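Per-entry structural report
Residue strings, one per chain:
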Amino acid sequence: MSILSFLFKEQNLPDEINILDREEYKTAISKGKVQLVDVRTKGEFLSGHIKGAKNIDFFQGVAFDAAFSKLKKDAPVYIYCQSGNRSQKAAKKLVSLGFTKVYDLRGGYMGWCY
């Protein structure tokens with residue numbers, strides 16, 4: 001196990017979740033229309049976000065589940081948060097809701113420089 005895997009707790013992720021570095025993530029989301037979701041708070045989202053992202057706040061509980069129920073569970077969903085911690089929790093939640101392909105941005109929006 002690498003130190004990065006340990007620090008970011010990637011070793012305990014379900015098979016449906018993949019962590020992508022920013023280059024892989026950028027390439028993936030630039031291939032047309034994708035389900036791109038920022039799971040940060042509204043304030044964080046308004047302070048800057050990846051172009052085309054929809055804001056669904058992880059901390060909104062029932063509203064979080066309701067918003068994701070409107071997305072396609074069998075299509076890839078790309079999520080991110082500020083640092084990667086919250087989005088990993090969100091990714092696990094999405095798998096429990098039936099999503100089959102969840103992609104998370106390693107290091108979150110803090111590492112996004114585009």
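Residues numbered from 1 in each chain as written. Predicted model: local features only at pLDDT ≥ 70, side-chain atom pairs only at ≥ 80, totals over all residues. Heavy atoms only, no water.

Side note on the overall build of the protein chain
A count of helices and strands for the protein chain gives five helices and five strands. Traced from its N-terminal end to its C-terminal end, the protein chain shows the element sequence α-β-α-β-α-β-α-β-α-β. Taken over the C-alpha trace, the protein chain has a radius of gyration of 13 Å; the compact-globule value for 114 residues is 13 Å, and the two agree within 12%. Along the first, second and third principal axes, the C-alpha set of the protein chain runs to 35 × 30 × 25 Å. Within the span of the protein chain, comprising 114 residues, buried residues form 40% of the whole. Residue pairs in contact within the protein chain that sit at least 24 positions apart in sequence constitute 68% of those at least 6 positions apart. (Helix = DSSP H or I, 4+ residues; strand = E, 2+ residues; numbered from the N terminus. Rg over C-alpha atoms; globule rule 2.2 N^0.38 Å. Buried < 20%, exposed > 50% of the residue type's maximum accessible area, 1.4 Å probe, protein only. Contact = heavy atoms within 4.5 Å.)

Considering helix α5 (residues 85-96)
Since the α-helix advances by 3.6 residues per turn, residues separated by three or four positions end up pointing in the same direction. Taking 1.5 Å as the rise per residue, α5 with twelve residues should run 16 Å; its terminal C-alpha atoms sit 17 Å apart, in good agreement. Among the residues of α5, those classed as buried are Arg 86, Ser 87, Gln 88, Ala 90, Ala 91, Leu 94 and Val 95. Just downstream of α5, Gly 98 is the residue with a positive phi angle, here 105 degrees. (Expected span 1.5 Å × (residues − 1).)

Re the packing of aromatic side chains
Considering all chains together, one arrives at eight aromatic pairs under this definition. Ring centres of Tyr 25 and Trp 112 lie 6.1 Å apart, and the angle between their planes is 80 degrees; this geometry places the pair in the edge-to-face category. Here the residue Tyr 25 occupies a position in helix α2 (residues 22-29), and Trp 112 occupies one in the segment after β5 (102-105), the gap between them amounting to 87 residues. Residue class for Tyr 25 comes out buried when judged on its relative accessible area of 0%. (Phe/Tyr/Trp six-rings, centres within 6.5 Å; stacked < 30°, edge-to-face > 60°.)

A word on the layout of surface pockets
Of the voids in this model, the largest pocket is the one considered here, and its volume is about 210 Å³. For the largest pocket, the full set of lining residues is Lys 33, Val 34, Gln 35, Leu 36, Val 37, Gly 52, Lys 54, Leu 71, Lys 72, Ala 75, Pro 76 and Tyr 78. At three residues, strand β2 (residues 35-38) tops the list of elements feeding residues into the lining of the largest pocket. Tallied by class, the residues present in the lining of the largest pocket amount to seven nonpolar, two polar and three charged. (1 Å grid on protein atoms, 1.4 Å probe; cavity = no way out; pocket = protein on both sides within 12 Å on 5 of 7 lines; lining within 4 Å. Points joined across faces, edges and corners; volume = space filled by probe spheres on them. Nonpolar A, V, L, I, M, F, W, Y, C, P; charged D, E, K, R; others polar.)

Section: the sheet that holds β2
Sheet architecture is open: five strands sit in the order β1-β5-β4-β2-β3, paired in parallel fashion. Each edge of the open sheet is held by one strand with a lone partner, namely β1 (17-20) and β3 (54-55). Where β1 meets β5, four bridges bridge the pair, whose relative direction is parallel. In the sheet register, Ile 17 faces β5, and the bridge partner there is Val 102. (Pairing = 2+ DSSP bridges.)

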